[in-house]
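Take a look at the letters that make up each chain.
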Amino acid sequence: MTTNPIDTTAAPAAATTTAAPGAPGPLPRRRAALALATMFLGSFSLVTAEFLPPGVLTPVAQDLGVTEGVVGLSVSATALTALLTALVLGSLFPRTDRRTLLVVLAMGAVASNVLVALAPSFGVLMAARLLLGAALGGYWSMSLVIATQLVPADRVGRAMMVVNAGTTVATVAGVPLGVILSAAAGWRVVFVAAAVITVVTAVAMRVALPPVAPTPGIGWSATGRALRSPGVGVGLVAIVAVIGGHFAGYTYVRPALSLLPGSDVGTVAVLLALFGVGGLVGNFAIGALVDRHLAVLLLAVPVAIGAGVAAVGLASALPLLVYPAVIVWGAAFGGVLNVVQVWITRVMPGQVEAGSGLVVAAFQTAIILGSAVGGLGVDSVGVGRTYLVAAVAAVAGGVLVRSTLSRRYSDGVAPV
C-alpha cells in the first residue's frame, strides 16, 4: 500500500490487517460483532470485580477485622500483578491459542471472586485479588491481539471501542449496582454474582471467538526490541504521564469536589455521575473517530484530560466550570484507551502482542504512581496544586506521545 508518509491522519486500506502471517482473515461483520460483544462482557465483568472493593470497604473491613485502608491495598495489589502478567504472559505461553488463554484468564477471575466471597481472613482475600490482577493483565494484553485478527486494520479502533465500553459500563453501572446489592444481601453475595457473570462470559467467548494464533514478536527479546523501536519507549513514558495525571486527580476527586462552594454528598454524586456519562459518550465518539484521526486525538484527548483536571482543581475559585469540566474529563478518559491501542498498532504493526503488553504495563504503572504521587501531593501541598501538577503532566504526555507518531511517519513508515 502506498500512502503519503506525512499524512498522519490517513486511514489504512480496508483490506490491510494486522493479523499474524498465515492467520485467518477478518471475520464477517456479524460474526465479528458477536465475538466483540463477548469481549465487551469480559471487560465488563473483570473491571466490575476490580473496582468492587472501594464500594464495599467498610463491611469488608468490619467482617475481616482490618482497617479500611488495609482493604484498599487490594486494589493496588491487583494493579501490580496485572502489570507483571501483561509483560510475561505471551512469553510464558508462546504457542498457545489466544482464545484459550482468554477463556482460562476469565476462569481465573471466577476463582478469584469465589475465593473473595468465601475468604475467612484478609490474607485469603489478598491472595484472591492477586489472582484477579493476573487475569486482568492477561486479558487486556490479549484483547487487542484478538481484536486485530477479528476485523480489518482500519476498524481496530472501532472494535476496541466495543471492548473498552465494558470498562465504562462497569464503572457507571456495574460497580454502583454491586454497592446496592451489598447493602441488600451482603458483600460476599456481590462477589458470587461477579463470579456467575464471569462464568457466562467465559462460555460465550469460547463459543463466539475463533481460534487466534499468537502474533509474531513475543518473548523477552521481542519486548526488548519493541522498547528500542523508534518512539516506543518515549511514547510509553508519555502514556504513564497522561494516565498518571488522570489518576493523581481522580483518586482524590471526592476531596476536590468538596471544595465546590455549597457542595454536599448529593452534589458530589451528581458530578461523579456526569463523569461516568461523559466517559460512556467519549468511548463511543472517540472510538468511532480514532482510526481516521489518530494524530489529532493523540494530542486532543490528553489536553482535554488536563483541562478537566485543572478546572476541577480550581473548583473553589471557578465553580461554574466544574460541571462541564467533569463531563469533558470523563469523555476524554473514556476514549483514551482507544487512542493508545490504535497508536501501538500503528507504531508496532508487526509486534502487536508485545506492544499490547507494554501498553497494559504502562497503564498499570500509571495507576500505581498516579495514586501514590497524588496522595503525597494532597497531603503536602493541597488538592488544588496537586490537580494543577497532574493537569500539566497529562498535557505534557500528550505532546510527547504525539511527537512519536510524527517521527515514525517522517521516517517514511506508512500506516498499516
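A brief report on the enclosed structure follows. Numbers given to residues run from 1 along each chain, matching the order in which its sequence is written. Given that this is a predicted model, residues contribute local features only at a pLDDT of at least 70 and side-chain atom pairs are listed and counted only at 80 or more, while totals for whole chains, interfaces and linings are drawn from all residues. Note: side-chain values were computed over all heavy atoms of the structure, leaving out hydrogens and water.

Examining the side chain of Asn338
Let me state the cut-off plainly: Secondary structure elements follow DSSP: runs of H or I no shorter than four residues count as helices, runs of E no shorter than two count as strands, and numbering proceeds from the N terminus. Any two residues whose heavy atoms approach within 4.5 Å are treated as being in contact.
Along the polypeptide, Asn338 turns up in helix H14 (residues 322-347). Once residues lying within four places of it in the same chain are set aside, the contact partners of Asn338 are Gly157, Met160, Met161, Asn164, Asn283, Gly287 and Val290.

So, the packing of aromatic side chains
By convention here, two paired aromatic rings are described through the distance between centres and the angle between planes. Note the following rule: Here a Phe, Tyr or Trp ring, Trp counted by its six-membered ring, pairs with any other such ring whose centre lies within 6.5 Å, and the pair is stacked when the planes are under 30 degrees apart, edge-to-face when over 60, and tilted otherwise. Relative accessibility decides the category of a residue: with a 1.4 Å probe and only protein chains considered, values under 20% of the type maximum give buried, values over 50% give exposed, and everything between is partly exposed.
One pass over the full model with this rule turns up seven aromatic pairs. Where Trp187 meets Phe191, the ring centres are 6.2 Å apart and the plane angle is 85°; that geometry is what we call edge-to-face. Here the residue Trp187 and the residue Phe191 both occupy positions in helix H8 (residues 187-208), the gap between them amounting to four residues, near one helical turn. Relative accessible area serves as the criterion here: at 5%, Trp187 is assigned to the buried category. On the numbers, 4.9 Å between centres and 25° between planes, the contact of Tyr250 with Phe275 is stacked. Linking Tyr250 in helix H10 (residues 232-250) with Phe275 in helix H12 (residues 265-289), this pair joins segments that are 25 residues apart in sequence. Note on Tyr250: relative accessible area 26%, which makes it partly exposed. The rings of Tyr250, Phe275, Trp329 and Tyr387 are connected pair by pair, giving a single aromatic cluster.

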